[in-house]
Structure formats: structure tokens, C-alpha cells
There are 8 protein chains.
Amino acid sequence: MAKRWSVYLSGEIHSDWRERITAGIEAAGLPVELTAPITDHGASDECGVAILGREDTRAWTDHKGASVNAIRTRTLISAADVVVVRFGDKYKQWNAAFDAGYASALGKPIITLHDESIGHALKEVDAAALAVAETPDQVVRLLDYVITGKL
Amino acid sequence: MAKRWSVYLSGEIHSDWRERITAGIEAAGLPVELTAPITDHGASDECGVAILGREDTRAWTDHKGASVNAIRTRTLISAADVVVVRFGDKYKQWNAAFDAGYASALGKPIITLHDESIGHALKEVDAAALAVAETPDQVVRLLDYVITGKL
Amino acid sequence: MAKRWSVYLSGEIHSDWRERITAGIEAAGLPVELTAPITDHGASDECGVAILGREDTRAWTDHKGASVNAIRTRTLISAADVVVVRFGDKYKQWNAAFDAGYASALGKPIITLHDESIGHALKEVDAAALAVAETPDQVVRLLDYVITGKL
Amino acid sequence: MAKRWSVYLSGEIHSDWRERITAGIEAAGLPVELTAPITDHGASDECGVAILGREDTRAWTDHKGASVNAIRTRTLISAADVVVVRFGDKYKQWNAAFDAGYASALGKPIITLHDESIGHALKEVDAAALAVAETPDQVVRLLDYVITGKL
Amino acid sequence: MAKRWSVYLSGEIHSDWRERITAGIEAAGLPVELTAPITDHGASDECGVAILGREDTRAWTDHKGASVNAIRTRTLISAADVVVVRFGDKYKQWNAAFDAGYASALGKPIITLHDESIGHALKEVDAAALAVAETPDQVVRLLDYVITGKL
Amino acid sequence: MAKRWSVYLSGEIHSDWRERITAGIEAAGLPVELTAPITDHGASDECGVAILGREDTRAWTDHKGASVNAIRTRTLISAADVVVVRFGDKYKQWNAAFDAGYASALGKPIITLHDESIGHALKEVDAAALAVAETPDQVVRLLDYVITGKL
Amino acid sequence: MAKRWSVYLSGEIHSDWRERITAGIEAAGLPVELTAPITDHGASDECGVAILGREDTRAWTDHKGASVNAIRTRTLISAADVVVVRFGDKYKQWNAAFDAGYASALGKPIITLHDESIGHALKEVDAAALAVAETPDQVVRLLDYVITGKL
Amino acid sequence: MAKRWSVYLSGEIHSDWRERITAGIEAAGLPVELTAPITDHGASDECGVAILGREDTRAWTDHKGASVNAIRTRTLISAADVVVVRFGDKYKQWNAAFDAGYASALGKPIITLHDESIGHALKEVDAAALAVAETPDQVVRLLDYVITGKL
């Protein structure tokens with residue numbers, strides 16, 4: 001029974017990069033389980049108060065929600081073999097950089113995925129990564145090579 | 001001999017928040033050693049190529065520099081008792097969020113420092129912190145209370 | 001093969017909260033393995049002396065029994081992805097708070113479950129939790145959201 | 001230069017047990033640094049809101065305060081050689097049991113200190129301890145023996 | 001799918017205690033995988049030189065053999081949920097005590113198994129155990145209770 | 001369900017030692033999963049630039065390639081029960097010695113495989129190993145003995 | 001300020017080997033702090049009941065005493081750079097072998113000290129050691145070489 | 001009291017690179033403690049047999065010596081903040097690559113020091129380093145910048 005690789009896809013939720021990696025993994029027939037945070041923006045913002053009760057301020061709403069999401073993200077990052085961290089060209093995406101730091105301290109191999117145009121701002125994150133990709137297809141090819149040796 | 005606390009000050013380099021915390025620590029006479037990344041922006045960008053040789057591209061210049069800076073930052077974060085992470089209202093500051101994630105996975109107590117206005121974007125980082133401050137003075141008062149019990 | 005989540009249910013043994021969570025998990029069809037301490041109060045008190053020989057004092061009877069129970073509880077907490085800790089409004093339940101501290105130092109995500117009325121006394125435990133629930137149904141909904149993203 | 005032992009005194013804040021241990025340590029001339037949580041009940045309850053801003057609810061007031069206190073307690077417990085955990089006969093003292101679990105998972109030697117009358121309720125905590133004392137004087141004598149071999 | 005427990009049986013190889021525990025586990029239908037060192041005394045002494053080449057001295061013969069056996073024992077102890085350590089009334093059995101110390105530092109729950117007559121000499125090992133049994137049947141009953149709650 | 005052993009085969013890629021161990025494992029019917037780095041020399045040198053874009057220098061080509069290969073090697077070494085490290089009599093093979101050091105710090109049992117003629121140069125690596133073999137057949141026999149006890 | 005080495009001396013308490021190592025360290029002027037268990041046999045047996053109260057059985061007297069001694073031994077072994085473990089030719093000395101296993105799992109360098117005549121019985125312990133000495137003088141010379149390079 | 005940095009200098013013993021780094025550190029007045037293996041080739045080869053008794057074979061002579069040296073090297077690498085690994089253009093220097101792997105798995109920042117001409121053979125080691133230097137002066141300047149921020 002060959003090893004199945006667990007790959008966590010952290011970061012941007014406003015483009016279809018996860019779908020493209022998923023399709024590429026399937027097309028290549030790779031033994032990979034993809035995991036990810038909850039990517040429904042509304043649900044991810046409201047989960048805390050929706051389940052545990054309304055708050056009067058945005059700050060505590062956020063605190064409750066982010067804490068609930070952390071139950072998922074910390075568990076799945078800790079269980080991952082490889083962590084892919086995607087940065088889009090909009091938004092702060094501090095959670096993505098946080099995940100990268102978290103994964104790095106756990107010794108997880110990291111692949112970053114972003115346009116070259118934001119590379120300077122991401123230099124500390126990239127320096128902690130083992131590969132810096134610009135397209136989802138490159139991530140798929142990296143995983144294909146890493147797992148099967150196929151170039 | 002009372003314990004000396006090591007407090008790492010991560011993040012923004014464009015305002016005087018470190019100086020204000022340093023002054024506050026001194027005024028209060030707290031047994032605290034403050035550590036920080038290199039905050040000279042130019043030096044921090046160019047250190048890699050200045051010492052190890054020029055590169056033709058911005059990307060490798062950044063890679064060399066960020067890696068050299070990581071020798072300092074990872075060592076000092078690992079040695080810290082408490083990590084303060086400051087986010088200004090400008091720039092991406094992904095390195096600050098990375099440091100927060102790194103410190104969090106190491107189990108270090110984290111204090112974030114930022115305006116309420118950017119709190120929503122920082123909700124995952126704040127959720128991993130034990131205190132969310134808005135002013136350097138609050139950070140000093142937190143350390144004063146934590147170390148001496150004085151409110 | 002999707003990940004199965006291991007969730008340890010620590011704490012109170014005098015109400016049906018475990019049964020209600022179990023029923024909720026089953027109704028929702030979640031990929032969760034629930035684990036727990038031995039909840040038969042008598043067995044849990046007497047296991048040490050019943051198997052390893054009678055003692056003349058309550059203290060050593062307790063010591064033997066609690067040690068035997070720890071073989072189970074430490075193993076299952078260490079293997080858990082998430083630890084739920086329930087506090088009822090009666091009894092000291094120091095073992096529940098001990099389990100919460102133990103899980104916290106291991107970096108396990110913690111959900112506490114208790115009435116708001118005892119929240120002040122539990123503030124240190126709650127501060128180490130990623131979610132504070134008041135009902136078993138909320139715990140089920142938390143797990144459902146964390147695993148499937150469904151609100 | 002002989003080793004100085006760091007001993008953390010967790011738990012009850014309504015009796016003079018810490019003072020009695022401190023006096024005993026001094027009288028015996030032991031190379032021990034005693035550390036402890038903030039034992040000013042009012043300060044410990046209000047520290048979060050006093051420094052970081054008022055909250056409308058007791059729950060968030062508690063959350064802020066307990067989190068700030070955790071900056072101190074987790075740091076000092078992690079730095080301790082030995083952790084003494086005191087349970088009085090009143091109050092829930094869940095934070096003391098939490099500290100014991102936290103210290104236990106870190107592999108710290110634990111000494112519990114409580115009346116025999118509450119031993120049954122504390123059996124899981126006592127089973128994780130290397131010594132169960134009933135008086136502060138016994139704790140001093142334990143430390144004296146452990147450090148100097150003197151009975 | 002219920003958890004299968006991995007239980008390592010360390011120590012004495014001159015009596016049938018492993019067979020009795022194996023039979024008891026099977027009779028009780030417990031979900032337990034038993035592991036153990038190589039118990040063929042001759043093979044265990046000679047494995048190093050038989051595979052890797054003869055030595056002129058007993059010391060290096062022993063060194064080679066013990067090192068090869070350690071490939072097995074360290075791997076299986078590290079993978080175990082529970083470690084049972086058996087001491088007979090003959091021989092030094094320092095390897096059994098070594099295994100107990102090794103398992104203890106890894107935080108594994110330990111059950112010792114020996115006659116009361118040698119309890120004094122084993123007091124440090126017993127103090128690190130969560131249960132001290134005198135018969136294989138007690139070990140089976142401990143595992144039965146720990147796994148199923150059945151007394 | 002008996003344990004399957006994961007054995008990582010690090011080092012030389014210019015002889016058929018992996019094939020011989022694989023054949024031996026199969027012939028012996030051992031429950032072993034063999035893992036290894038990518039052994040296609042060309043692919044392993046070019047993987048970085050082939051997937052992530054050309055570089056003008058050999059140094060950065062190497063850096064990209066070695067980093068991509070590390071995603072595989074660190075993951076598989078971390079997941080291994082036993083690490084076999086092969087040194088041929090040609091080439092520097094510093095990666096093999098690096099892997100041995102990496103595995104050693106993780107506490108993995110190490111078997112080295114090399115001719116006696118290069119033993120002096122490898123003395124520090126051999127001193128960290130639990131067995132020093134000269135032929136693939138010896139490695140197979142070691143694994144056979146370690147897993148089944150058969151000499 | 002040169003590093004001071006902490007060396008823990010575990011094992012036999014019936015000969016003067018610790019005194020001879022201490023004298024040798026002093027004569028050589030080495031920067032070494034020697035630590036050890038309590039070596040007063042009577043005190044070490046009775047410490048538990050002397051401080052915490054009499055027991056009716058030898059077994060609980062031993063349990064209390066061994067647990068109290070473990071506060072010292074585990075703390076000092078964890079703090080040691082090097083652990084020396086001495087086995088005499090009499091007594092079971094299971095605590096010495098336990099300490100060796102404990103130190104080994106913590107990754108501490110181990111030096112064993114015993115007559116060649118008991119080497120076979122100690123082969124598993126010796127295989128986990130980095131040096132096997134027969135005399136206290138050899139231990140001193142080992143430390144001298146390791147610290148100063150002087151042969 | 002500013003932090004003193006501990007820097008371990010691993011590798012080549014046939015050139016004066018350590019002396020040059022030592023001189024540079026002193027000239028710059030940096031708060032650095034340099035540590036290193038025993039660099040007297042003869043002593044390092046013979047230490048085992050010189051102290052612990054002669055062996056008839058080169059292999060066991062080497063085994064004894066390398067094990068004794070490991071007492072020093074593992075202790076000092078574990079205590080280091082930064083590890084510098086030097087490769088000359090002669091000899092195998094597998095111990096240097098082993099040290100690099102060992103340091104890498106412990107999460108220590110690594111600086112490699114070697115001529116560009118052997119960079120291809122060292123690509124896996126360099127990929128695990130945060131800086132790749134060609135001269136001792138560059139190492140001094142790296143440490144100067146990392147500690148003081150001075151370029």
C-alpha cells in the first residue's frame with residue numbers, strides 16, 4: 001500500500017486555484033489527500049456567533065469565529081505532509097502568512113504560490129519555503145515529481 | 001536573582017513603537033531584555049548580497065537577504081519568553097504574521113499590537129494571541145502586570 | 001479516504017451529554033470516533049483494588065484506581081484531534097480541569113462545555129479553549145462545521 | 001555554582017501557604033527561586049479590562065483577564081523545575097487542576113498540597129504527582145531533602 | 001473502526017508470561033496488538049555476528065548483537081501505547097529496566113509485572129509505572145478494563 | 001494486522017543496491033515498505049528549473065533542485081521506521097551523510113551500507129548507526145531478523 | 001565564559017567511585033558540575049515516610065520514597081549534558097539501568113562504568129552508551145578529553 | 001546583559017579557517033562563544049583506544065574514537081545558536097555533512113563555508129543552509145550583521 005500524501009492548501013479564497021490543483025491531482029492520478037480551511041467566506045466569518053451565540057461587536061464576533069476555524073486549521077496543518085500557501089494580489093491575507101509560519105516551526109515542507117510581482121513583500125515567507133510557484137499547474141507538477149519522480 | 005524576561009518585538013519598522021516600549025520598560029524598571037529583527041530597512045534588504053555577493057535578480061537578492069535575516073529572527077524568537085507582533089496600517093507585513101505563526105507553533109505567548117481598524121483582517125492572528133493591544137503603552141503595562149502584578 | 005476525527009470527551013459523568021453528542025454525530029453522519037474515560041463511577045473508583053489487590057485505606061485505593069484509569073485517559077487524549085471538556089454544576093471535577101491542562105500543553109484544540117453560570121470559576125480553562133459551548137448540540141454543530149464547513 | 005531550583009507555587013490564594021513555604025525556604029537557606037501567579041484576586045480578575053479596555057459582559061472581562069494571566073503562568077510553569085499545586089477546601093480552583101495537567105504533560109515533577117479530606121476528589125491529580133503533602137512545612141522538607149539530601 | 005492498542009511486552013524470556021498474556025487477550029477478544037523483543041536467547045545473543053561477521057571477543061559480539069536488537073526494540077517501544085515490563089526472580093534483567101526508563105521518558109504508560117518479593121529492589125521502576133501487577137492474568141484484566149471498562 | 005515497517009533507502013544511485021534489497025525483501029515476504037529519494041540523476045538535478053523556471057547559474061539551478069528534492073526526502077525520512085544509508089566508493093555523497101545526521105537527530109535507527117575500505121572516513125556516521133553492513137544481502141537479513149526473529 | 005558541563009553520576013552507592021571522579025575532576029581543573037542522586041541509602045529509603053507520614057507496608061513506603069527521590073533524579077538527569085551510569089558487581093541496581101534508559105530516550109550522551117565481568121548482562125545498556133569505562137579514572141580522562149581535547 | 005551567541009564550527013581541520021573566524025570575531029568585538037570538535041587529528045582518531053583500551057582492528061579503534069568524540073560534538077551542536085559547516089576541497093568530510101544534517105533536524109540555523117567549485121556536490125547541504133559563504137571573512141561579517149545589524 002503506497003503512502004498517501006496529505007497536502008494542506010492554505011490562503012486565498014477568491015480564485016479557483018484549489019479547484020485547479022484538485023483537477024490536476026486527479027488527472028495525474030496522484031495518491032494525495034487535499035485538505036483546506038473552510039473557504040466559504042461568509043461561513044468562516046460567522047461560524048462562531050452562528051453556533052455559540054451573537055456578539056455585539058465585530059471584534060468578538062471575529063474572535064469567536066477565528067477560534068472555531070483554528071480547530072480545523074491547526075489540526076489539518078499538523079496532520080499534513082506538505083503545506084501549500086497561496087497569496088493573491090489583493091487583501092492582507094495575514095492568515096496565510098500565519099499558517100506558513102506555523103507550518104515552518106513544525107518543520108513541514110512549504111510550497112508558496114503567488115505572482116512574482118508580490119515576491120519582494122513575501123521574501124521572508126518564500127525564504128522559509130522549499131519551492132516558490134507561480135501557477136497551480138506548477139504545484140501539481142511539483143507534487144507529481146516529489147511523489148513519482150516524473151518530470 | 002529574579003528572572004529576566006526576554007521579549008521579542010516583531011513587525012512594523014516605520015514607526016517608533018519599539019522606542020516607546022523600550023522607554024516604558026526603562027521607566028518602569030522592568031527586568032526585560034528586548035530583542036528585535038534588524039530594523040534598518042536598507043540593510044535588511046541588502047544584507048545577503050552585500051556580504052555574500054551580488055545577484056542579477058531582485059528575487060535572489062531577496063532570497064539571500066531574507067535567509068540571512070532568518071538566522072537572527074528564528075534564533076531570537078526561539079529564545080523569547082513573550083513575542084509582541086506589531087502591524088501598522090500600511091504595507092503587507094507578511095513577515096510579522098509569519099513570525100506570529102512561528103511563535104504560536106512554538107507555544108510562545110503572543111501579544112499583538114495594532115489599530116482596531118485592521119482587526120478584522122487580523123482575526124486569525126489575534127485569535128492566537130493572549131492579548132490584543134492598541135498602543136505601545138498598553139504593551140508596557142501588560143508586561144509590567146505580568147512580571148510584577150502591578151496594575 | 002477522508003480523515004476520521006478522533007474526539008475525546010472528558011469530564012462529567014452524571015448527565016447524558018456524551019449520549020447526546022454521540023447521537024448528534026451519528027445523525028449528522030460525521031466521520032468522528034468518540035473516545036472517553038471509563039464513565040462507570042463505581043468501576044472507575046474500584047478498578048485498581050479489584051484487579052491489583054485490596055488496600056486498607058481510601059487514599060491508596062484511590063491512588064491505584066486513578067493510576068489505572070490514567071493508562072486509558074492519557075493514551076486517548078494523546079491520540080485525540082480535539083478534546084471536549086464538560087463541567088457540570090456539581091462536584092469538583094478536578095480531573096476534567098486536569099485533562100484540559102494536559103491537552104492544552106500537548107497543543108490539542110479544546111472545546112469546553114458548561115453553563116454560563118460557572119463561567120467565572122472556569123475562566124482560565126475557557127481562556128485555553130478554542131470554543132466555549134453551553135449545550136451538547138453546540139458541540140455537534142461545532143464538529144459538523146469544523147469537519148464539513150456546514151453551518 | 002550550585003544549581004538554583006525554580007519552584008512554581010500554583011493554586012489557592014486565600015491562605016498564607018505561599019508565605020509559609022517562602023519563610024521555610026529562607027530559614028533552610030535553600031537555593032530555590034519561588035515563582036507564582038499574581039495572587040491579588042482583584043488585580044487578577046480585572047487586569048485584562050484595566051489595561052486593554054472595558055467589556056460589557058463578565059464573560060469577556062474574564063476572557064481578557066485570564067488570557068493576560070496566562071502570559072505569566074505558562075511562562076513560569078514552563079521554566080519551573082518543580083510545580084507545587086495547592087488546593088484549599090473551598091472554591092472550585094479549576095485553574096490549579098489545569099496547571100497540574102499542564103505541568104504533567106510537560107513532564108514537570110508535581111507536588112500536591114491539600115487536606116486529606118479532599119483527597120478522593122483529587123485522586124487523578126494526586127496520581128500524577130510525585131508527592132502528596134498536607135502542610136507547607138512538608139513541602140519545605142521535601143524541597144530540602146530533594147536538594148540537599150537532609151532529612 | 002475502534003482503536004487497536006499496541007502493547008509492548010518487555011523483559012524476562014525464561015517463563016511463559018507472554019504466552020499467558022497472549023492467550024488472555026485472545027480469550028477476551030481485546031483489540032490489542034502485542035509486540036515484543038526477539039525472545040530466542042541464542043538468536044538474540046548471536047544476531048550481530050551471524051549477520052555482520054564474527055568477532056574475536058565476547059564484548060564486540062555483544063555490542064553488535066545488542067545494537068541490532070535495538071533496531072527492533074526502540075522502534076516497537078516508540079510505537080507502543082502501553083509498555084509492560086516483566087522482571088523474573090533470576091538474572092539481572094538490566095535491559096528490562098532500561099526499557100522501562102526509555103518508555104518513561106517517552107511518556108508511555110508502564111505496567112510492571114513481578115513478584116512482591118523483589119519489589120523493594122524495583123521501587124524506582126515501580127514508581128514510574130501506572131500499575132504494578134504480580135500475574136499475567138492481572139495484566140490481561142488491566143488491559144481489558146482500560147480498553148473496555150469491564151471489571 | 002501486523003505492523004508494516006517503513007524503511008528509507010538513502011544514498012548512492014550508481015549501483016543496483018536498492019534493487020537487490022527490494023528483491024530480497026520480496027523473496028523473504030517481509031512486511032516492509034521501501035522508500036527512497038528520486039534516483040534518476042538527471043531528473044533530480046533538473047527538477048527545480050524544469051518545473052519552476054530556468055536559472056542562469058548552476059548554483060541557483062542546484063538550489064532550486066535540491067530544495068524540491070528535500071520536500072520528498074525530509075517527508076519520507078521523518079515517516080521511516082529505519083533508515084539505511086549507502087555509501088559507494090566514488091563521489092562525495094554528502095547528501096547521504098546529511099541524511100544520516102538528519103535521521104540520527106530524529107532518533108531513527110540507522111543501518112549504514114558500505115565497503116570496509118571506506119570505513120575510516122565514515123567512522124562518525126558508523127558510530128551513529130546501529131548496524132554497519134557491507135552487502136545488500138546483509139541489510140535484508142538484518143530486516144528479516146529485526147522483524148521476524150529469523151536468523 | 002567557557003561552558004560548564006553538567007555531569008550526572010547515576011548508580012551504585014556502595015563504593016567510592018563518585019569521590020574518585022570528583023577528586024579527578026578537581027585535580028584536572030575541569031569546568032564540570034557533578035550531580036547525583038541522594039546516596040545516603042537509609043535516607044533514600046525512608047524519605048517518603050519520614051516527611052509525608054508512615055505507611056504500614058514496605059511496598060507503600062518504597063513507593064513514597066522512590067517517588068520523592070524521582071523529583072530529584074528526573075530534574076537533574078534532564079539538566080545534565082552527560083550521564084555516567086555505574087554498575088557494581090552486587091545488587092540488582094535496576095534504578096541505574098532505568099536512568100540509562102531514561103537518559104537515552106532524552107538523547108543524552110551516556111558513559112557506563114563497570115567491570116568487564118558483567119558486560120554481557122549489560123550489553124543492551126552498553127550499546128546505548130557512547131563510552132564503556134572500567135575505572136573512575138577513565139571517566140575523568142574521558143571528560144578531560146571531551147572538554148579540553150587533552151589525551 | 002546582552003545575549004551571547006554560541007556558534008559551533010564544524011568540519012575541515014586542515015586549514016586555518018577557525019583561527020581566521022576567531023580573529024575576526026575578536027577584532028569585531030562580537031559577543032560570540034565559538035565551539036568546535038577536537039581538531040587534533042591524531043587525538044581525535046586515537047582517543048577511544050588511548051583512554052578505554054587498545055583494539056586489534058582499525059574498525060573498532062575508529063568506533064571507540066568516533067563515539068567518544070560524539071559526546072563532545074552532539075552536546076555542543078545541541079547547545080549552539082548557529083552552526084557553521086566548512087568543507088575543504090580534499091577528503092570526504094562525511095562527518096561535516098552528518099553534523100549539518102543533525103543540526104538541520106534540530107532546527108539550528110546553518111551557514112556553510114566552501115569554494116564554489118564544490119557547490120554542486122554540496123547542493124543538498126547548501127539547500128538546508130540559511131547562508132552559503134566562500135570565505136571565513138564572510139562568516140564573520142554574517143555574524144556581525146546578524147548580531148549587531150552592521151553591514
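Structure: see above.
Report follows, based on the coordinates. (Residues numbered from 1 in each chain as written. Chains lettered and ligands numbered in written order. Predicted model: local features only at pLDDT ≥ 70, side-chain atom pairs only at ≥ 80, totals over all residues. Heavy atoms only, no water.)

This part takes up helix α6 (residues 136-148) of chain C. All names here are of chain C. Between its first and last C-alpha, α6 extends 18 Å over 13 residues, near the 18 Å set by a 1.5 Å rise per residue. Here α6 lies mainly inside the structure; 10 of its 13 residues are buried. Looking only at α6, the buried set comprises Pro136, Gln138, Val139, Val140, Leu142, Leu143, Asp144, Tyr145, Val146 and Ile147. In the stretch just after α6, Gly149 is the one whose phi turns positive, near 85 degrees. (Helix = DSSP H or I, 4+ residues; strand = E, 2+ residues; numbered from the N terminus. Expected span 1.5 Å × (residues − 1). Buried < 20%, exposed > 50% of the residue type's maximum accessible area, 1.4 Å probe, protein only.)

Time to look at the relation of the copies chain B and chain A. Rotating chain B by 180 degrees about the axis while translating it 0.0 Å along that axis superimposes it on chain A, leaving an RMSD of 0.0 Å. Both copies are brought into coincidence by an operation consistent with a two-fold rotation axis. An overlap of 100% is found between the interface residues of chain B and their copies at the interface of chain A, pointing to a shared contact surface. (Least-squares fit on C-alpha atoms with pLDDT ≥ 70 in both. Contact = heavy atoms within 4.5 Å.)

Under the counting rule described, the total for this entry stands at 20 aromatic pairs over all chains. Here Phe87 of chain A and Trp94 of chain B contribute two aromatic rings whose centre-to-centre distance is 5.0 Å and whose plane-to-plane angle is 55 degrees, an arrangement assigned as tilted. Placement of Phe87 of chain A in the loop between β3 (82-86) and α4 (94-105) and of Trp94 of chain B in helix α4 (residues 94-105) is noted, with the two residues assigned to different chains. Judged by its relative accessible area of 1%, Phe87 of chain A is buried. (Phe/Tyr/Trp six-rings, centres within 6.5 Å; stacked < 30°, edge-to-face > 60°.)

The operation relating chain H to chain B is a screw motion whose rotation component is 90 degrees, with 0.0 Å of axial translation and a residual RMSD of 0.0 Å. Such a combination of turn and shift is consistent with a four-fold rotation axis. No C-alpha of chain H approaches the rotation axis more nearly than that of Ala79 of chain H, which lies at 8.6 Å.

When two helices pack together, their arrangement is given by the angle between the helix axes and by the axis-to-axis distance. Residues and elements named next belong to chain C. As a packed pair, helix α2 (residues 41-52) and helix α3 (residues 58-79) sit with axes 7 Å apart at the nearest point and diverge in direction by 95 degrees. Overall, the two elements α2 and α3 adopt an arrangement that is roughly perpendicular. Seen from α2, the contacting residues are Ser44, Asp45, Glu46, Cys47, Gly48, Val49 and Leu52; seen from α3, they are Arg58, Thr61, Lys64, Gly65, Val68 and Asn69. Along the lines of polarity and charge, the residues of the contact of α2 with α3 split into four nonpolar, five polar and four charged. (Axes fitted to C-alpha atoms, helices over the stretch in contact; angles between N-to-C directions. Parallel < 35°, antiparallel > 145°, perpendicular 65-115°, else oblique. Nonpolar A, V, L, I, M, F, W, Y, C, P; charged D, E, K, R; others polar.)

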